[in-house]
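Structure at a glance
Letter by letter, the chains look like this.
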Amino acid sequence: MKSIEDIYFLLLKRYGSQGWWPFVNHKATNPTKHGKVDGYHPRDYSFPVNGFQRFEIITGAILTQNTTWTSVEEALLNLHKLCAFCPRLMSDMNEEKIRQAIKPVGYYNKKTQYLKNVAEFLLPIKNRVPTRAELLKVKGIGPETADCIMLYAFKELHFIVDSYTRRIFSHQGIIKGNESYKKIQELFELSLPKNLIVYQEYHALLNEHAKHYYRKKPYEDPILNSH
DNA sequence: AACCAGGACGTGA
DNA sequence: TCACGTCATGGT
């Protein structure tokens, strides 16, 4: 059976550097991937370069809950026009404006409140890095969103467990799939080197791979199942 | 025309 | 803890 580390290198070899987390307010040098925005930055791990990009990641992490990224891009472009990528302005912004801006992502009533919640949470935080536990107290941030924020916005070592992760590794027989979030996260964190690039790339690679082969059942995985 | 998408919350067992 | 309904738009 392939190990978690084996699978990382297989996916990296197959798909290459993914350049996550994507931005809409960033002039990219690489060709467009999924959406119409050149927001990916493969082999460049210097992001976020400022607080605006950090808050864009946090905003995107909330908006993308149970939604496609192409919809999130639309919403992020709308928010960018409103200069909403900063906690102060997001906190002060009219709720109806936010609601309109993020409409394409769905759940816009909930997510409007969630964005307000994170913004208000971040205001007194200032330059300090929040803890995962603090993020989880914010209504609208669950375990996966918290880890996305920690890993991509604050460059802290937290492995992200999403539905694709469960799908791929249960199909590979490495997990059952219904284990708790924490248990799966521990498995990955014990199996991988404590390296930011590995964590960031692995999550993005799993997403990319799942989009190819784990959308509809029965799953057929020619990459990981070839021998 | 169901079904899913880069989940989380509230409720009741 | 855990299973379930709810939130909502857009693409297949």
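Residues numbered from 1 in each chain as written. Chains lettered and ligands numbered in written order. Predicted model: local features only at pLDDT ≥ 70, side-chain atom pairs only at ≥ 80, totals over all residues. Heavy atoms only, no water.

A word on the overall build of chain A. Each helix and strand in chain A was counted, giving eleven helices and zero strands. Helices and strands appear in chain A in the N-to-C order α-α-α-α-α-α-α-α-α-α-α. The C-alpha atoms of chain A give 17 Å as radius of gyration, which agrees with the globular expectation for 227 residues (17 Å, within 12%). Its C-alpha atoms give chain A principal-axis dimensions of about 55 × 35 × 35 Å. (Helix = DSSP H or I, 4+ residues; strand = E, 2+ residues; numbered from the N terminus. Rg over C-alpha atoms; globule rule 2.2 N^0.38 Å.)

Our next topic: the protein's contact with DNA strand C. Surveying the vicinity of DNA strand C reveals the residues Asn66, Lys103, Pro104, Gly106, Tyr107, Tyr108, Asn109 and Lys110. Restricting the count to atoms of DNA strand C within 4 Å of the protein gives a sugar and phosphate share of 54%. At 2.4 Å from a base nitrogen of DNA strand C is found a side-chain nitrogen or oxygen belonging to Tyr107. Taken together, the residues of the surface near DNA strand C sort by class into three nonpolar, three polar and two charged. (Near = heavy atom within 4 Å. Polar contact = N/O pair within 3.5 Å; in protein donor to acceptor, adjacent residues only side chain to side chain. Nonpolar A, V, L, I, M, F, W, Y, C, P; charged D, E, K, R; others polar.)

Cis geometry marks the peptide bond from Phe47 to Pro48; its omega dihedral reads -5°. Mapping Pro48 onto the fold places it in the loop between α1 (4-15) and α2 (51-63). One non-glycine residue with positive phi stands out, namely Arg43, at about 65°. If you check the backbone angles, Lys126 has positive phi at about 55° while not being a glycine. Within the secondary structure layout, Lys126 lies in the loop between α6 (108-122) and α7 (132-137). By relative accessible area, which is 70% here, Lys126 ends up exposed. (Buried < 20%, exposed > 50% of the residue type's maximum accessible area, 1.4 Å probe, protein only.)

A few words now on the domain arrangement of chain A. Looking at chain A, the domain boundaries give domain 1 (1-18 + 158-227) and domain 2 (48-156). When each unit is reduced to the centre of its C-alpha atoms, the spacing between domain 1 and domain 2 is 26 Å. The interface is formed by twelve residues belonging to domain 1 together with ten residues belonging to domain 2. The interface formed by domain 1 and domain 2 includes zero salt bridges. Inspection of the region where domain 1 meets domain 2 yields six residue pairs in polar contact (both at pLDDT 80 or more). Of all elements in the fold, only α10 (181-191) and α11 (196-213) reach the threshold of two or more residues within the side of domain 1 that touches domain 2. By residue number, the principal contributor to the side of domain 1 that touches domain 2 is α11, which donates five residues. Its residues placed into classes, the side of domain 1 that touches domain 2 shows seven nonpolar, four polar and one charged. (Domains from an automatic or database assignment. Contact = heavy atoms within 4.5 Å. Salt bridge = Lys/Arg side-chain N within 4 Å of Asp/Glu carboxyl O.)

In this section: α10. Three or more residues of α10 are buried, namely Tyr181, Ile184, Gln185 and Phe188. Viewed along the axis of α10, the buried residues span an arc of 100°, placing them on a single side of the element. Exposed residues lying more than 90 degrees from the buried face of α10 are Lys182, Lys183 and Leu190. Where α10 is buried, its residues touch α1, α7, α8 (143-153), α9 (163-171) and α11. (Arc of directions from axis to C-beta.)

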